[in-house]
Amino acid sequence: MKLSPLQKFILREVAASRSKNYPRSGIIKFYNGQAKHPKIDDIQNIITKSLERLIDKELLIGFGRRTSQKWFIGEVKLTPFGRRTARSLLGRQQALPLHLKKKK
């Protein structure tokens with residue numbers, strides 16, 4: 001299963017938290033250390049889409065409120081399949097962004 005860096009971060013954070021449900025506000029930490037990051041409105045949209053995709057893949061359970069048009073996800077919780085996936089992500093070594101020159 002292919003996951004984006006943000007989705008991997010979400011799975012690791014939720015797995016490492018001690019609380020049962022992880023608040024959405026903790027996911028914004030992904031963008032804190034970056035020098036160049038999108039606007040806050042764009043960040044909220046990106047996080048929402050990532051959470052919805054993880055819920056569709058049955059890795060997370062979302063808790064929130066529903067309006068007539070859409071869901072507002074406030075907290076998330078790992079499913080057993082998500083816990084296994086997060087555990088495998090913790091054991092895997094992270095790749096460095098190295099750019100290697102091609103041999104001629």
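To keep things clear, this report deals only with the structure shown in the data block.

Thresholds applied
- Residues numbered from 1 in each chain as written.
- Predicted model: local features only at pLDDT ≥ 70, side-chain atom pairs only at ≥ 80, totals over all residues.
- Heavy atoms only, no water.
- Phe/Tyr/Trp six-rings, centres within 6.5 Å; stacked < 30°, edge-to-face > 60°.
- Lys NZ or Arg CZ within 6 Å of the ring centre and 35° of its normal.
- Salt bridge = Lys/Arg side-chain N within 4 Å of Asp/Glu carboxyl O.
- Helix = DSSP H or I, 4+ residues; strand = E, 2+ residues; numbered from the N terminus.
- Buried < 20%, exposed > 50% of the residue type's maximum accessible area, 1.4 Å probe, protein only.
- Polar contact = N/O pair within 3.5 Å; in protein donor to acceptor, adjacent residues only side chain to side chain.

### Some words on the packing of aromatic side chains
The final tally for this structure, using the stated rule, is 2 aromatic pairs. Every member of this aromatic cluster is reached through a ring pair, and the members are Phe9, Phe30 and Tyr31. Over the ring of Phe72 we find Arg65; its NZ or CZ atom is 5.0 Å from the centre of that ring.

### Quick look at the pattern of salt bridges
According to the stated counting rule, one finds 1 salt bridge in the structure shown. With its nearest N and O atoms 3.4 Å apart, the salt bridge here joins Lys29 to Glu13. In this pair, Lys29 is assigned in the loop between β1 (22-23) and α2 (40-56) and Glu13 in helix α1 (residues 5-16), connecting sequence segments 16 residues apart. Residue class for Lys29 comes out partly exposed when judged on its relative accessible area of 44%.

### Considerations on the side chain of Thr48
Relative to the helices and strands, Thr48 is located in helix α2. Taking the relative accessible area as the measure of exposure, Thr48 reaches 19% and is therefore buried. In this structure the side chain of Thr48 is engaged in a polar contact, spanning 2.5 Å, whose partner is the side chain of Arg24.

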